[in-house]
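Per-entry structural report
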Amino acid sequence: MKKQLSEMTLEELWGFFPIILKEYNPQYINWYENEKQHIIDIVGSENILRISHIGSTAVKGLISKPTIDILLEIDGCCDVTKLTNVLTEAGWGLMQTESNPTKIKFCKGYTPNGFADKVFHLHVAYMGDWSELYFRDYLIVHPVVVAEYGKIKQDLLTNYEHDRDGYTRAKSDFVLKYSNTAKHEFHSRYKPK
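Conventions used here
- Residues numbered from 1 in each chain as written.
- Predicted model: local features only at pLDDT ≥ 70, side-chain atom pairs only at ≥ 80, totals over all residues.
- Heavy atoms only, no water.
- Salt bridge = Lys/Arg side-chain N within 4 Å of Asp/Glu carboxyl O.
- Helix = DSSP H or I, 4+ residues; strand = E, 2+ residues; numbered from the N terminus.
- Buried < 20%, exposed > 50% of the residue type's maximum accessible area, 1.4 Å probe, protein only.
- Contact = heavy atoms within 4.5 Å.
- 1 Å grid on protein atoms, 1.4 Å probe; cavity = no way out; pocket = protein on both sides within 12 Å on 5 of 7 lines; lining within 4 Å.
- Points joined across faces, edges and corners; volume = space filled by probe spheres on them.
- Nonpolar A, V, L, I, M, F, W, Y, C, P; charged D, E, K, R; others polar.

We now examine the pattern of salt bridges. Per the stated rule, a full pass over the model turns up eight salt bridges. Between Glu132 and Lys103 there is a salt bridge whose closest N-O contact spans 2.5 Å. One end of the pair, Glu132, is in helix 4 (residues 131-141); the other, Lys103, is in strand 4 (residues 103-111), with 29 residues separating them in the sequence. For Glu132, a relative accessible area of 26% translates into the label partly exposed. Judged by relative accessible area, which is 8%, Lys103 ranks as buried. When the shortest N-O distance is used, the salt bridge between Asp155 and Lys151 registers 3.0 Å. Pair noted here: Asp155 and Lys151 are both in helix 5 (residues 143-160), with a separation of four residues, about one helical turn. Judged by its relative accessible area of 43%, Asp155 falls in the partly exposed class. Through salt bridges with shared partners, a single network forms among Arg136, Asp137 and Arg189.

Here the focus is the environment of Thr102. Tracing the backbone through its elements, the reader meets Thr102 in the loop between strand 3 (93-98) and strand 4. When the C-alpha atoms of Thr102 and Val124 are compared, they prove to be 8.3 Å apart, with 22 residues separating the residues in sequence. Look past the residues within four positions of Thr102 in its chain and what remains in contact with it is Val124, Ala125 and Tyr126.

Computed from the structure, the largest pocket encloses a volume of approximately 1600 Å³. Around the largest pocket sit 48 residues that line it, and Asp69, Lys105, His121, His123 and Thr168 are the ones nearest its centre. Every element with two or more residues in the lining of the largest pocket is listed here: helix 1 (10-16), strand 2 (67-74), strand 3, strand 4, strand 5 (114-126), helix 4, helix 5 and helix 6 (164-185). Residues of the lining of the largest pocket, tallied by class, amount to 21 nonpolar, 16 polar and 11 charged. Quantified by volume, the second largest pocket comes out at close to 180 Å³. Lining the second largest pocket we find 14 residues, and of these Lys22, Pro66, Ala116, Asp117 and Val119 sit closest to its centre. Mapped onto the lining of the second largest pocket, the elements with two or more residues apiece are helix 2 (28-43) and strand 5. Here the lining of the second largest pocket gets four residues from one element, more than from any other, and that element is strand 5. Taken together, the residues of the lining of the second largest pocket break down into eight nonpolar, two polar and four charged.

Structure (structure tokens):
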């Protein structure tokens, strides 16, 4: 009998859901827009300050894991427990809860048979000056950096295909460098007013 995903160790999950890189798919934007509307419908627009497509699938031409990352920003009045319940009832799996700053991560598209056709990660956080937004924006306007980032990701795949945390850590210096450069270039465009 197959183990349920909730019964698997982290190493078993990494083995079952390896890092896969694919060329950019123009459908990513449509997948994001459709999922964005579903999120608005179940969470309620009154609870959302901003919702954004982040991550590599938000950058045309960038090789990426075929996973749509969405940043859902809420304000301090939002009932996080109720929000979590609404999302899990709608099929989102709770992946991780972080504090300082508060961030809750959900996923959709991981099944007992492997990846679904569409995979999503939802990052819920209070409104903020998030590096993910700057990094995305910087890549969109700097194709040379996109090419460099794509090469780094391909090179890392050899050693980290079954180690998502290691893969993320190995990219972190590059991401931090250009996120900080972008914050300077874009003059804190995402700072809450």
